[in-house]
Amino acid sequence: MTERFGGYQNEIYLQGLGGTFPPCSTDATKLEESAREILEPGPFWYVAGAAGSGATARANREAFDRWRLVPRMLTGATERDLSTTVLGTPMPAPVLLAPVGVQSIVHEGAEPAAARAAASVGLPYVMSTASSTSIEDVAAASGEGPRWFQLYWPTDNDVCASILARAKAAGFTTLVVTLDTWTLAWRPNDLDHAYLPFIKGEGLGVPLSDPVFRGLLEKTPEEDAPTAILRWISMITGTDSTWDRLPFLREHWDGPIVLKGIQHPDDARRAVEAGMDGIVVSNHGGRQVDGAVASLDVLPEIVAAVGDRLEVLFDSGIRTGADIAKAIALGAKAVLVGRPWVYGLAHAGEDGVRHVLRSLLADLDLTMGLSGHRTLADLTPASLRHA
Ligand SMILES: Cc1cc2nc3c(=O)[nH]c(=O)nc-3n(C[C@H](O)[C@H](O)[C@H](O)COP(=O)(O)O)c2cc1C
Ligand SMILES: O=C(O)C(=O)c1ccccc1
């Protein structure tokens, strides 16, 4: 089905005639600034912050500036079709909501609000293991919307299997395994505010509702919250896994599996060899390795390394329609967006998330049309020049 995302432009103008204005900026690059005015420093820096000096987070943005679209004329791009299918999930545009933990710290509606917004636009919501809400409650909020599940991999196999079984039973189709955050990076902004949401016990919607995890505890989390929290933290951070542990996931998940956090072509090749279905070329929005390469800069070599042997998704730094078009032109099948919609959630809950998503898709739709690209397949390296 062809969605006319660009029509959101006229909708906004018409609403303005009636005195109604967007709930937050239509420009995702401005949302960090306005979020700073409405969030306390701890929550604000949890979202906006990055590892170390922030060099990689800045590099992620700068990398997009080194590529420019070359507009083509008279191509008949009046009607666009932005739809695609990724690992069996049809989507009206090549955009997914990146997994984001502990959303209750920016808005009381938390994950269900974001999942409802995603479903209303038809985009897949990738639920984080670090959600403040249970798997079943997020699934219910998604309704008919597509849903993927992101795994922070517990060291305890029984707990891991239980979480995967619940995600599967709740209708999550695709598993995204995050590899780059097996321990939290040096994050000065969180440290300066002594702010770790997990310690407040807010990101425990998944384990606290898990019967196997609860069975490991001597006292229930209601009786002794700190012990439960520490037990969970020690289960999902502090231990790096190795490639030989992947078959366990295959045994316990019968849908597609995607590895998130790939930045080296050799790791992408290993993902192929391990029989994975996809990868997310991502540096976690610059939140893990400060001084690391910009995610967009490694995308072309990774696409060249794996060809069509698995699906290559991309994230880290996407803020505009042009950014999405560039990532697709460089070989990504779809992109994940992180901070922008979290700021939308902070500003206006479900409406804010929907507005950020629709703005991004309208921008992409109009950018593609005006640069003469009718479908995603029209976006190729030939659509770009090095600036
Ligand atoms: C506040 C916040 C929380 C995040 N939590 C998770 C998480 O729980 N799991 C995960 O795989 N990635 C997590 N990420 C990383 C995102 O999935 C994504 O890789 C990153 O935000 C993309 O960069 P962008 O924010 O520049 O779009 C988080 C990112 C942010 C900003
Ligand atoms: O902050 C993050 O980037 C992240 O991935 C995370 C991990 C655990 C809890 C909350 C967020």
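The written sequence of each chain sets the order in which its residues are numbered from 1. By the order in which they are written, chains take letters starting at A while ligands take numbers starting at 1. Restriction of local features to residues with pLDDT of at least 70 applies here, the model being predicted, together with a cutoff of 80 or more for giving and counting side-chain atom pairs; totals for whole chains, interfaces and linings are based on all residues. Each side-chain value is derived from all of the structure's non-hydrogen atoms; neither hydrogens nor water enter the calculation.

Visitor: Sorry if this is basic, but what is going on with the overall build of the protein chain here?
Guide: Labels follow the DSSP assignment, with helices taken as runs of H or I lasting at least four residues and strands as runs of E lasting at least two, numbered in each case from the N terminus. A tally of regular secondary structure across the protein chain gives 16 helices and twelve strands. When we talk radius of gyration, it's over C-alpha atoms, and the globule rule is simply 2.2 Å times the number of residues to the 0.38. Over its C-alpha trace the protein chain gives a radius of gyration of 20 Å, about what one expects of a compact globule, namely 21 Å for 387 residues. Counting the 387 residues in the protein chain, one finds 56% classified as buried. Should any heavy atoms of two residues lie within 4.5 Å, those residues are counted as being in contact. Looking at the protein chain alone, contacts between residues at least 24 apart form 75% of all its contacts between residues at least 6 apart. The Shrake-Rupley method, run with a 1.4 Å probe, gives the accessible areas here. Residue values count only the displayed protein chains as cover. Carbon and sulfur atoms form 53% of the exposed surface of the protein chain, whose accessible area is close to 16,000 Å². Distance from the positive charge centre (33 side chains) to the negative charge centre (47 side chains) of the protein chain: 5 Å. For the exposure calls, accessible area comes from a 1.4 Å probe over protein chains only, and a residue counts as buried if that area is under 20% of its type's maximum, exposed if over 50%, partly exposed in between. The charge count treats Lys and Arg as positive and Asp and Glu as negative. His and the chain ends do not count. Working definition for charges: the position is that of NZ of Lys, CZ of Arg, CG of Asp or CD of Glu.

Visitor: Would you take a moment to explain the site of ligand 2 for this structure?
Guide: In the neighbourhood of ligand 2, the contacting residues comprise Tyr46, Val102, Ala130, Tyr152, Arg187, Phe198, His284 and Arg287. Any N or O atom pair separated by 3.5 Å or less is treated as a polar contact, with the protein-specific requirement of one donor-capable and one acceptor-capable atom, and with residues adjacent in sequence counted only for side-chain atom pairs. For ligand 2, an oxygen atom lies 2.6 Å from a polar atom in the side chain of Tyr152. Measuring from an oxygen atom of ligand 2, one finds a side-chain N or O atom of His284 at 2.8 Å. For the shell around ligand 2, the residue count by class is five nonpolar, one polar and two charged. Any residue with at least one heavy atom within 4 Å of a molecule or strand is counted as near it. Under this grouping Gly is polar, as are all residues other than the nonpolar Ala, Val, Leu, Ile, Met, Phe, Trp, Tyr, Cys and Pro and the charged Asp, Glu, Lys and Arg.

Visitor: Is there a simple way to explain the packing of helix H13 (residues 265-273) against helix H14 (residues 295-306) in this structure?
Guide: Packed helices, taken two at a time, are described by the angle their axes make and the gap between the axes. Where H13 meets H14, the axes come as close as 9 Å, and the angle between the chain directions of the two elements is 35°. Crossing handedness for the pair H13 and H14: right-handed. Across from Pro265, Ala268, Arg269 and Val272 in H13, the residues of H14 making contact are Glu301, Ile302, Ala305 and Val306. Lines fitted to the C-alpha atoms define the axes, with helices restricted to the stretch that makes contact. Angles between their N-to-C directions range from 0 to 180 degrees. Here a crossing is called left-handed whenever its near helix is offset anticlockwise from the far helix by less than a right angle, and right-handed whenever the offset is clockwise.

Visitor: How do you make sense of the site of ligand 1 when you look at a structure like this?
Guide: Around ligand 1, the surrounding shell holds 21 residues, and the nearest of these are Pro99, Ser128, Thr178, Asp315 and Gly317. Pro99 places a polar main-chain atom, nitrogen or oxygen, 2.7 Å from an oxygen atom of ligand 1. Within the contact set of ligand 1, an oxygen atom lies 2.7 Å away from a side-chain nitrogen or oxygen of Ser128. Burial of ligand 1 by the protein chains amounts to 98% of its free accessible area of 590 Å². Considered class by class, the residues forming the shell around ligand 1 number six nonpolar, ten polar and five charged.

Visitor: Would you take a moment to explain the packing of aromatic side chains for this structure?
Guide: Pairs of aromatic rings are described using the distance from one ring centre to the other and the angle between the two planes. Here the aromatic set is Phe, Tyr and Trp, taking the six-membered ring for Trp, and pairing holds for ring centres within 6.5 Å; pairs whose planes are under 30 degrees apart are stacked, those over 60 apart are edge-to-face, and all others are tilted. Taken as a whole and assessed by the stated rule, the structure comprises five aromatic pairs. Relative to Phe172, the ring of Phe149 lies with its centre 5.7 Å away and its plane at 75°, an arrangement referred to as edge-to-face. A residue pair is termed long-range when its members are at least 10 positions apart, and Phe149 in strand S6 (residues 147-151) and Phe172 in the loop between helix H7 (157-169) and strand S7 (174-178) qualify at 23 residues. Both residues of the pair, Phe149 and Phe172, belong to the buried class. Seen from their ring centres, Phe213 and Trp232 are 5.5 Å apart, and the 80° between their planes marks the pair as edge-to-face. Taken together, the positions of Phe213 in helix H10 (residues 211-215) and Trp232 in helix H11 (residues 225-236) put the pair 19 residues apart, joining distant regions of the chain.

Visitor: Please clarify how helix H6 (residues 135-142) should be interpreted in this entry.
Guide: An α-helix turns once per 3.6 residues; consequently, residues spaced three or four apart project the same way. Ile135, Val138, Ala139, Ala141 and Ser142 are the residues of H6 that are buried. Down the axis, H6 shows its buried residues gathered within 160° of arc, on one side only. An arc is given here, and it is the one of the directions from the helix axis to the C-beta atoms.

Visitor: How do you make sense of the pattern of salt bridges when you look at a structure like this?
Guide: Once their charged atoms are close, side chains differing in charge can pair, the charge on each being opposite to the other. The working definition used for a salt bridge is a side-chain nitrogen of Lys or Arg within 4 Å of a carboxyl oxygen of Asp or Glu. Scanning the model with the defined rule gives 15 salt bridges in all. Of the charged contacts in the structure, one is a salt bridge between Glu350 and Arg354, with a shortest N-O distance of 3.1 Å. You can see Glu350 and its partner Arg354 sitting in helix H16 (residues 339-370), four residues apart, about one turn around the helix. Taking relative accessible area as the criterion, Glu350 reaches 23% and is therefore assigned partly exposed. It is possible to trace a salt-bridge network through shared partners that takes in Arg116, Glu350, Asp351 and Arg354.

Visitor: Got a minute to help me understand the side chain of Thr174 in this structure?
Guide: Take Thr174: it is sitting in strand S7. Look at Thr174 and you get buried, because its relative accessible area is 0%. A polar atom in the side chain of Thr174 sits 3.4 Å from the side chain of Thr173.

Visitor: Looking at this structure, how should I read the nonpolar core?
Guide: If you look at soluble globular proteins, the nonpolar side chains tend to sit buried side by side. In these notes, a set of buried Ala, Val, Leu, Ile, Met, Phe, Trp, Tyr and Cys residues joined through side-chain atoms within 4.5 Å is what counts as a nonpolar core. Membership of the largest hydrophobic core comes to 111 residues, with the highest contact counts inside it found for Phe172, Leu249, Ile279, Phe314 and Trp341. With twelve residues, the top contributor of residues to this core is H16. If we skip the residues at most four places from it in the chain, Ile279 touches Val258, Leu259, Ile262, Ala268, Ala271, Ile302, Leu310, Glu311, Val312 and Leu313. Of all hydrophobic cores here, the second largest spans 13 residues; its members include Leu87, Val126, Val258 and Ala334.

Visitor: Would you explain the pairing of strand S8 (residues 257-262) in this entry?
Guide: Residues in a regular strand point their side chains to alternate faces of the sheet. Of all six residues in S8, six are buried; the element is thus mostly enclosed. Note on pairing: two strands pair once DSSP finds at least 2 bridges between them. Pairing geometry for S7 and S8, over four bridges, is parallel. Of the residues in S8, the one forming a bridge with Thr178 is Lys260. Summarising the sheet, S8 and strand S9 (residues 278-281) pair through four bridges and their orientation is parallel. Bridge pairing in S9 places Lys260 opposite Val280. Call a crossover right-handed when, viewed with both strands pointing away from you, the route from the first strand across the helix to the second goes clockwise. Considered for its hand, the β-α-β crossover made up of S8, H13 and S9 is right-handed.

Visitor: I would appreciate a short explanation of the UniProt feature "domain: FMN hydroxy acid dehydrogenase" (unreviewed entry) in the protein chain in the present structure.
Guide: UniProt positions are given in the numbering used here, feature names are shortened, and annotations may be inferred rather than shown by experiment. In the numbering used here, UniProt assigns the "domain: FMN hydroxy acid dehydrogenase" (unreviewed entry) feature to residues 20-387. Annotation note: span residues 20-387, helix share 42%, strand share 12%, distance between end C-alpha atoms 39 Å.

Visitor: Where do I start with helix H3 (residues 41-48) in this structure?
Guide: The buried count for H3 comes to seven of eight residues, which makes it a mostly enclosed element. Among the residues of H3, Gly42, Pro43, Phe44, Trp45, Tyr46, Val47 and Ala48 are the ones counted as buried. The inward-facing, buried residues of H3 abut helix H2 (31-38), helix H8 (188-192) and H16.

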